[in-house]
Amino acid sequence: MEIPPSGDTPPTRFFETCCRYFRAKELDLSNVQEAAGMAEGDGVPQAAKEAQAGDDPPKGDFPVQKKSPKLCGSNYPLSIAFIVVNEFCERFSYYGMRAVLTLYFLSFFHWDENLSTAVYHAFSALCYFTPVIGAIMADSWLGKYKTIIYLSIVYVVGHLIKSVGAIPSLGNQVVHVILSMVGLFLIALGTGGIKPCVSAFGGDQFEEEHTSERSKFFSIFYLSINAGSLISTFVTPVLRGDVKCFGEDCYALAFGVPAALMVLALVVFIAGSGLYRKTPPQGNVLLEVCKCIGFAIKNRLKNRSRQIPKRDHWLDWASEKYSKQLIGEVKMVTRVLFLFIPLPMFWALFDQQGSRWTLQATKMNADFGIYILQPDQMQFLNPLLILVFIPIFDLWLYPLINMCKFNFTPIRKMATGMILAGMAFGLAAIVEIKINETDMPRLVPEESLIRVLNLAKNPVQVTIQGRDLFQQPVEAFQITDLEAKPENGLAAVRFINGLSQDVNLTIDSKRFIAVQKNYSASEYSLLERDKYNNGKCITETGEFTLELGLLDFGASYTIVITNVSGGAVKTWKSEDIKANNVHMAWQLPQYVLISAGEVMFSITGLAFSYSQSPASMKSVLQAGWLLTVAVGNTLVLVVAQAAPMAQWAEFVLFTVLLFAVCVIFSIMGYFYVSVDPEDLEEKEEKRETLSRGNTINLVTQKTKL
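Everything quoted here is computed from the prediction, not taken from an experiment.

Colleague: Help me understand the nonpolar core, please; the structure alone is not making it clear to me.
Modeller: Across soluble globular proteins, nonpolar side chains show a tendency to be buried alongside one another. Membership of the largest hydrophobic core comes to 139 residues, with the highest contact counts inside it found for Leu 101, Tyr 104, Phe 105 and Phe 123. It is helix α15 (residues 410–436) that provides the largest number of residues to this core, a total of 12 residues. Judged by nonpolar contacts, the second largest core, of 22 residues, contains Ala 491, Phe 495, Val 503 and Ile 559.

Below, the structure is given as structure tokens:
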């Protein structure tokens, strides 16, 4: 069910809608303050109740709660400023590091695209499995404050190890891989572990009567998440590509800056320690639910005899140990979790923005005239478009649909989001096919490429006995070259020296190439896309100007030095492999579609699941939602490794799979009956009261007889 806005002005609605969106994007597993960011009038369920009776009692020493100083005489605690800054820095750290991760695997480790994609999604999946660990640590053992501190230290250590592993001069590739994998594991443990704690800890800082201030705090909190994501996904690719260190892309700097931001996040959070209100751990309802389900299954398997009376629901087999209230609430949760089963496929497509779509961007023309985008910078479009779409959908699109008397239910909104994501991948497949038109043909067994270089001034006819390969004369200086395009949008160039003396070439201030005389050829050099008109050619007779012109994205060139005249070198330039002629702007439609799909799918899905579960079970549904993201990334990992195929075919495969899952989800949603958890609880209480009354009458009658 869509959450109605509580404010009367567009800015208020915008902030509250942003809060709902980023609530869906950065989920909070804490069962103590998980929905505390919304006031009762907002239509969003309140914070989860305390854990069920029987959980472990609070452990450790916790100070008596105190009131934090206020900001400028308002009802906002001063401590929330430290929490918001901490969250901004942490999100900058995470998204900035992840933005360049795929190209790091591809260029630094020289892994192929499938392996790079698989490891990227394995890391992403781990980041969404570990929040369950963080929630259990915070609610059952350490409390939120200590959990944030300890896991942030792990987080910082992971970033530092990751940055050190990106220094080329430090050891061989095995050392780099080991350091990077250890660093990524610690980062996943840190970012996932603190995810369910930070926002809930911010909610703990407010007094119970300050619900409206708490609501606005969460709006600011989740907008800080978006700000960190937007800025970092634009900045860190610049640090990687535009800054050179150790003679290549500076991945050490691209990882080092996010590491510094995470250190700053930890320092800021600790600086506010004396101002925080710290609540003790109160037990984790997620563990209680898992125990209840496990006991029900175990008890049912033990009592399979036909002589034992059947029970209305399989969870009723837990009634020997757990209360009817808990069992009833778990029943409500399992109904919603059943609807979650098809959802991972959406996330499988969505999270490929940082892997497959980034790899696609490396094979495109990134020249926008006034600015040249890095391939991994295209990811910043997602958070930017989210900021644009949230007010459009909330203030115009949904009200317009309601005016048309169309019942746009939450299930239909989520299904529409799936369709939009599938359409985005359909467009990605079309773009990939157009990109492939400039690729070199793939060779099959018993085939080979023949390279012919005509150094004569006139065309020559080439014939091979028994073959009709060269039907037209070979023009002067026409050759075929590399078997594949240069990676990452770089240009490949080599030189053939047609002079009778050796030459030393300077392409830019850092490229020096020596080519021997009499048509000797140099090795290929990979260069950034640019105009190179200030080169130098040094021979025995002097120094001359070398003008190469534009070396474009993804092209391969052969430069033949023919003679020296008038203080300049005369050259012939042959474009052996065509430059990338599909502009990166063609990715914009697919980003628009998948971002719109995310707004309709993610916000609506979480709001719907909240409305269908009791207050004490919100954390369980948040855990289930996070796990759908983790499973979705795991699906991409499996496809990339188990079924490698042409990239356009893989895009089509994911499109078809998501459309099929959308149909299944729509059928499941058609038969799903929405409920009000409060009404079900009241009916359950009445049923229990009636049951107790009937039992008393039955016993009395038997006694009289």
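Colleague: Help me understand the layout of surface pockets, please; the structure alone is not making it clear to me.
Modeller: Regions of empty space are outlined by a rolling probe, equal in size to a water molecule, passed over the atoms. Taken as a whole, the largest pocket spans an internal volume of roughly 1,100 Å³. Secondary structure elements with two or more residues in the lining of the largest pocket: α3 (101–108), α8 (211–241), β2 (248–249), β7 (525–527) and β8 (530–532). The element that contributes the greatest number of residues to the lining of the largest pocket is α3, accounting for 4 residues. For the lining of the largest pocket, a count of residues per class yields 18 nonpolar, 10 polar and 12 charged.

Colleague: Whenever I open this one, the packing of aromatic side chains confuses me. Can you help?
Modeller: Centre distance and the angle of the planes are the two values used to describe a pair of aromatic rings. Taken as a whole and assessed by the stated rule, the structure comprises 44 aromatic pairs. A ring pair is formed by Phe 346 and Trp 347, whose centres lie 5.2 Å apart and whose planes are at 85 degrees; its orientation type is edge-to-face. Both residues of the pair, Phe 346 and Trp 347, count as buried. Counting every residue linked through ring pairs, the aromatic cluster contains Tyr 104, Phe 105, Phe 108, Phe 109, Trp 111, Tyr 251 and Phe 255. Above the face of the Trp 317 ring, Arg 311 is positioned so that its terminal group lies 4.2 Å from the ring centre.

Colleague: Sorry if this is basic, but what is going on with the state of the cysteines here?
Modeller: By definition, a disulfide is the covalent link that joins the sulfur atoms of two cysteine residues. Taken as a whole and assessed by the stated rule, the structure comprises 1 disulfide. With its sulfur 2.0 Å from that of its partner, Cys 245 forms a disulfide with Cys 250. Judged by the torsion about the S-S bond (105 degrees), the Cys 245/Cys 250 disulfide is right-handed.

Colleague: Sorry, what's going on with the environment of Arg 311 here?
Modeller: In this fold, Arg 311 is placed in the loop between α10 (285–302) and α11 (324–339). Relative accessible area serves as the criterion here: at 31%, Arg 311 is assigned to the partly exposed category. The spatial distance from the C-alpha of Arg 311 to the C-alpha of Arg 300 is 9.9 Å, given a sequence separation of 11 residues. In terms of polar contacts, Arg 311 uses its side chain to reach the backbone carbonyl oxygen of Asp 316, at 2.8 Å. Engagement of the side chain of Arg 311 in a polar contact is seen with the side chain of Glu 320, the distance being 2.5 Å.

Colleague: Honestly, the pattern of salt bridges in this entry has me stumped. Any pointers?
Modeller: Where side chains of opposite charge bring their charged atoms close, a pairing between them can arise. This structure, assessed with the given rule, holds 12 salt bridges. Arg 311 is paired through a salt bridge with Glu 320; the nearest N and O atoms lie 2.5 Å apart. Between Arg 529 and Asp 367 there is a salt bridge whose closest N-O contact spans 2.9 Å. Taken together, the positions of Arg 529 in the loop between β7 and β8 and Asp 367 in the loop between α13 (356–361) and α14 (381–403) put the pair 162 residues apart, joining distant regions of the chain. Owing to a relative accessible area of 18%, Arg 529 belongs among the buried residues under this scheme. Salt bridges sharing common partners tie together Arg 240, Lys 244, Asp 249, Asp 376 and Glu 528.

Colleague: What am I meant to see in the side chain of Thr 358 here?
Modeller: Along the chain, Thr 358 turns up in helix α13. Accessibility expressed as a relative area gives 1% for Thr 358, which makes it buried. Once residues lying within four places of it in the same chain are set aside, the contact partners of Thr 358 are Leu 103, Gln 353, Pro 375, Asp 376 and Gln 379.

Colleague: It is not clear to me how the side chain of Gln 205 should be interpreted in this structure. Could you clarify?
Modeller: Within the element layout of this structure, Gln 205 appears in the loop between α7 (173–204) and α8. Look at Gln 205 and you get buried, because its relative accessible area is 1%. A polar side-chain atom of Gln 205 sits 2.8 Å from the main-chain amide nitrogen of Arg 277. Among all residues touching Gln 205, those that are not within four sequence positions of it are Pro 77, Ser 79, Ile 80, Ile 83, Leu 275, Tyr 276 and Arg 277.

Colleague: Please explain α10 as it appears in this structure.
Modeller: Because the α-helix completes a turn every 3.6 residues, residues three or four places apart line up on one side. Between its terminal C-alpha atoms α10 stretches 26 Å, which fits the 26 Å expected from 18 residues at 1.5 Å a residue. All of the buried residues in α10 are Val 285, Leu 286, Glu 288, Val 289, Cys 292, Ala 296 and Asn 299. On the buried face of α10, the contacting elements are α5 (131–142), α11 and α17 (618–642).

Colleague: How should a positive patch on the surface be read in this particular structure?
Modeller: Together, Lys 291, Lys 298, Lys 302 and Lys 321 make up a positively charged patch on the protein surface. Mapped onto the elements of the fold, Lys 302 is located in helix α10. A relative accessible area of 60% means that Lys 302 is categorised as exposed.

Colleague: It is not clear to me how unusual backbone geometry should be interpreted in this structure. Could you clarify?
Modeller: Glycine aside, the phi torsion of most residues is negative, and most peptide linkages are trans. Of note in this structure, His 110 is not a glycine but carries a positive phi near 60 degrees. For His 110, the location among the structural elements is in the loop between α3 and α4 (113–129). Note on His 110: relative accessible area 63%, which makes it exposed. One non-glycine residue, Lys 405, adopts positive backbone phi at about 60 degrees. Counting through the fold element by element, Lys 405 comes out in the loop between α14 and α15.

Colleague: Teacher, can you tell me more about the environment of Phe 406 here?
Modeller: Checked against the element boundaries, Phe 406 lands in the loop between α14 and α15. Exposure remark for Phe 406: the relative accessible area of 43% places this residue in the partly exposed category. For Phe 406, the residues in contact, after removing those within four places along its chain, are Ile 401 and Arg 412.

Colleague: Teacher, can you tell me more about the pairing of strand β9 (residues 535–539) here?
Modeller: The side chains of a regular strand alternate, residue by residue, between the two faces of the sheet. Because side chains alternate across β9, one face comprises the buried residues Gly 535, Cys 537 and Thr 539, and the other comprises Lys 536 and Ile 538, none of which is buried. When β9 meets strand β10 (residues 542–546), the two strands line up antiparallel, connected through 5 bridges. Residue Ile 538 lies in a different strand from β10, and its bridge partner there is Glu 543. Connecting β9 to the next strand, β10, in antiparallel fashion are 2 residues.

Colleague: So what exactly am I meant to see when it comes to the packing of α8 against helix α9 (residues 251–271) here?
Modeller: Following both chains from N to C, one finds α8 and α9 inclined at 150 degrees, their axes separated by 7 Å at the closest point. By the criterion of interaxial angle, the relationship of α8 to α9 is roughly antiparallel. Relative to α9, α8 is oriented so that their crossing is right-handed. Residues Thr 236, Leu 239 and Arg 240 of α8 form the contact with α9, whose own contacting residues are Tyr 251, Leu 253, Ala 254, Val 257 and Pro 258. Across the contact of α8 with α9, the residue classes break down as 6 nonpolar, 1 polar and 1 charged.

Quick notes on the rules
Residues numbered from 1 in each chain as written. Predicted model: local features only at pLDDT ≥ 70, side-chain atom pairs only at ≥ 80, totals over all residues. Heavy atoms only, no water. Core = buried A, V, L, I, M, F, W, Y, C linked by side-chain atoms within 4.5 Å. Buried < 20%, exposed > 50% of the residue type's maximum accessible area, 1.4 Å probe, protein only. Helix = DSSP H or I, 4+ residues; strand = E, 2+ residues; numbered from the N terminus. 1 Å grid on protein atoms, 1.4 Å probe; cavity = no way out; pocket = protein on both sides within 12 Å on 5 of 7 lines; lining within 4 Å. Points joined across faces, edges and corners; volume = space filled by probe spheres on them. Nonpolar A, V, L, I, M, F, W, Y, C, P; charged D, E, K, R; others polar. Phe/Tyr/Trp six-rings, centres within 6.5 Å; stacked < 30°, edge-to-face > 60°. Lys NZ or Arg CZ within 6 Å of the ring centre and 35° of its normal. Disulfide = S-S within 2.5 Å. Polar contact = N/O pair within 3.5 Å; in protein donor to acceptor, adjacent residues only side chain to side chain. Salt bridge = Lys/Arg side-chain N within 4 Å of Asp/Glu carboxyl O. Contact = heavy atoms within 4.5 Å. Expected span 1.5 Å × (residues − 1). Patch = residues over 30% accessible without salt bridge, like charges linked within 9 Å, V, L, I, M, F, W, Y side chains within 5 Å. Areas by Shrake-Rupley, 256 points an atom, 1.4 Å probe, with all protein chains shown as cover. Lys, Arg positive; Asp, Glu negative; His and termini not counted. Charge placed at Lys NZ, Arg CZ, Asp CG, Glu CD. Pairing = 2+ DSSP bridges. Axes fitted to C-alpha atoms, helices over the stretch in contact; angles between N-to-C directions. Parallel < 35°, antiparallel > 145°, perpendicular 65-115°, else oblique. Left-handed = near helix turned anticlockwise from the far one by under 90°.

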